[in-house]
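Given next are the chains, with one letter for each unit.
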Amino acid sequence: TKRTTVLLTSHYMRDVEQFTDIYYQQLLRSPTAKDPVVKKFMDRWAHEELLHAELLNRFLAEAGLPDDPNWKEKAKGKIPMSYHLMSRVQTLLTGCFGKAFSAVHMTWGAINEYSTMTGYTRLIHLADHPVLEFILRGINREEGRHSFFYWSIARLKLLHSQFRRGLSRFIVEKFWGPVGSGAKPENDVNLVIRTLFKGKEGVDIMHRMVNQKLAELPGFANTSVVTSRVAATAMI
């Protein structure tokens, strides 16, 4: 039913928002965090994303799901060991490439923030629920600021370095996955994609709102990585 679908999607998004704490700790161990402007943003970003998780959890509880006080620990406990191992590898890579890897972080962050904002907009229309709409529109105002910051800093870091452009495009096109990939089961990731972006209409929205924003960054002209990944699931 629509109610079940909306709750499952909101549950997924709640968990992914809470995982920001993990992403934040990973970034703190990278050269990216040495940039005082980026670090100041990261501190606010992490705080706001965790508030988003709390808001979604409150909505789920009011909607009738059991309000488990240990939900955060349980959600993190389900993250597979492969994800934690990969994050360690990523930390080593960032150390090898130094500040050049910051362009990858900012580009990756821009994709994920634009994807999240677009997903919330789609969920608003799917749910047609006044309370959830109020919550998600408030969340999206902050997601919009996050998206713009990531995209703007990525642009600056990519603009004057061919090496950064090449490295960022290679990493993104080889390893990027939808928000929550790796931390959440692949079946859950694909279910959310099919729920929010099913068919040509949904794929076109992701192409316009996310892939085209990525393609505007230096070094990413004609990329189709986001559209292709979403279409591979949404068009089935």
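Residues numbered from 1 in each chain as written. Predicted model: local features only at pLDDT ≥ 70, side-chain atom pairs only at ≥ 80, totals over all residues. Heavy atoms only, no water.

K.L.:
Give a detailed account of the layout of surface pockets, specifying residues and quantitative values.
P.N.:
Computed from the structure, the largest pocket encloses a volume of approximately 1,300 Å³. Around the largest pocket, the lining comprises 49 residues; the ones closest to its centre are Tyr23, Trp108, Asn112, Gly177 and Ser181. No other element matches the 10 residues that helix α6 (residues 102-127) contributes to the lining of the largest pocket. Across the lining of the largest pocket, the residue classes break down as 27 nonpolar, 18 polar and 4 charged. Of the pockets and cavities examined, the second largest pocket occupies roughly 330 Å³. Every residue lining the second largest pocket is counted, 20 residues in all, and those nearest its centre are His11, Arg14, Asp15, Trp71 and Lys78. Broken down by secondary-structure element, the contributors of at least two residues to the lining of the second largest pocket are α1 (2-18), α3 (36-62) and α4 (71-77). In the lining of the second largest pocket, the residues fall into 10 nonpolar, 2 polar and 8 charged. (1 Å grid on protein atoms, 1.4 Å probe; cavity = no way out; pocket = protein on both sides within 12 Å on 5 of 7 lines; lining within 4 Å. Points joined across faces, edges and corners; volume = space filled by probe spheres on them. Helix = DSSP H or I, 4+ residues; strand = E, 2+ residues; numbered from the N terminus. Nonpolar A, V, L, I, M, F, W, Y, C, P; charged D, E, K, R; others polar.)

K.L.:
Give a description of the packing of helix α9 (residues 186-197) against helix α11 (residues 225-234) that names residues and reports values.
P.N.:
Remark: α9 packs on α11, axes separated minimally by 9 Å, with the N-to-C direction vectors making an angle of 90°. Viewed along their axes, α9 and α11 adopt a mutual orientation that is roughly perpendicular. On α11, the residues that touch Val189, Asn190, Ile193, Arg194 and Phe197 of α9 are Arg229, Val230, Thr233 and Ala234. Split into classes, the residues belonging to the contact of α9 with α11 amount to 5 nonpolar, 2 polar and 2 charged. (Axes fitted to C-alpha atoms, helices over the stretch in contact; angles between N-to-C directions. Parallel < 35°, antiparallel > 145°, perpendicular 65-115°, else oblique. Contact = heavy atoms within 4.5 Å.)

K.L.:
So what's going on with a nonpolar patch on the surface? Residues and values would help.
P.N.:
A cluster of nonpolar side chains, Met86, Val89, Leu93, Phe97 and Phe163, forms an exposed patch at the surface whose accessible area comes to about 460 Å². With 4 residues, helix α5 (residues 81-97) is the largest single contributor of residues to the nonpolar patch. In this fold, Val89 is placed in helix α5. (Patch = residues over 30% accessible without salt bridge, like charges linked within 9 Å, V, L, I, M, F, W, Y side chains within 5 Å. Areas by Shrake-Rupley, 256 points an atom, 1.4 Å probe, with all protein chains shown as cover. Salt bridge = Lys/Arg side-chain N within 4 Å of Asp/Glu carboxyl O.)

K.L.:
Which residues make up the packing of aromatic side chains, and what values go with them?
P.N.:
Here the distance between the centres and the angle between the planes together describe a pair of aromatic rings. Under the definition given, this model contains 6 aromatic pairs. On the numbers, 5.1 Å between centres and 85° between planes, the contact of Phe41 with Tyr150 is edge-to-face. Of the two residues, Phe41 is situated in helix α3 and Tyr150 in helix α7 (residues 130-159); the sequence distance between them amounts to 109 residues. Here the two residues Phe41 and Tyr150 agree in accessibility, since each one is buried. Residues Phe97 and Phe163 carry aromatic rings whose centres are separated by 6.2 Å and whose planes lie at 35° to one another, so their mutual orientation is tilted. Highlighted residues: Phe97 in helix α5 and Phe163 in helix α8 (residues 162-175), separated in sequence by 66 residues. By relative accessible area, which is 33% here, Phe97 ends up partly exposed. Each residue in the set Phe41, Trp45, Phe149 and Tyr150 is aromatic and connected to the rest through ring pairs, giving one cluster. Note that Lys213 overlies the ring of Trp151, its terminal NZ or CZ placed 4.6 Å from the centroid. (Phe/Tyr/Trp six-rings, centres within 6.5 Å; stacked < 30°, edge-to-face > 60°. Buried < 20%, exposed > 50% of the residue type's maximum accessible area, 1.4 Å probe, protein only. Lys NZ or Arg CZ within 6 Å of the ring centre and 35° of its normal.)

K.L.:
Residue-level account of the nonpolar core, with values.
P.N.:
Judged by nonpolar contacts, the single largest core of 61 residues is most densely connected at Trp45, Leu132, Leu136, Val226 and Val230. Every element with two or more residues in this core is listed here: α1, α2 (20-28), α3, α6, α7, α9, α10 (199-215) and α11. When neighbours within four sequence positions are excluded, Val226 is seen to be in contact with Ile111, Trp176, Met206, Val210, Asn211 and Leu214. One finds Ala100, Phe101, Val104 and Ile171 within the second-largest nonpolar core, a separate group that totals 5 residues. (Core = buried A, V, L, I, M, F, W, Y, C linked by side-chain atoms within 4.5 Å.)

K.L.:
I'd like to hear about α6, residue by residue, with values.
P.N.:
Along its 26 residues, α6 runs 37 Å from first to last C-alpha, staying within 8% of the 38 Å computed at 1.5 Å per residue. Count one or two residues on from α6 and you reach Asp128, which has phi positive near 50°. (Expected span 1.5 Å × (residues − 1).)

K.L.:
Hey, could you go over unusual backbone geometry for me, with residue numbers and the actual values?
P.N.:
The phi torsion at Asp128 lies on the positive side, around 50°, for a residue other than glycine. Take Asp128: it is sitting in the loop between α6 and α7.

K.L.:
Tell me what's going on with α3, and back it up with residues and numbers.
P.N.:
Between the first and last C-alpha of α3 there are 40 Å, a value that for 27 residues agrees with the 39 Å anticipated at 1.5 Å per step. Where α3 begins, the capping side chain belongs to Asp35, and its oxygen is found 3.0 Å from the backbone nitrogen of Val37. In the stretch just after α3, Gly64 is the one whose phi turns positive, near 115°. (Polar contact = N/O pair within 3.5 Å; in protein donor to acceptor, adjacent residues only side chain to side chain.)

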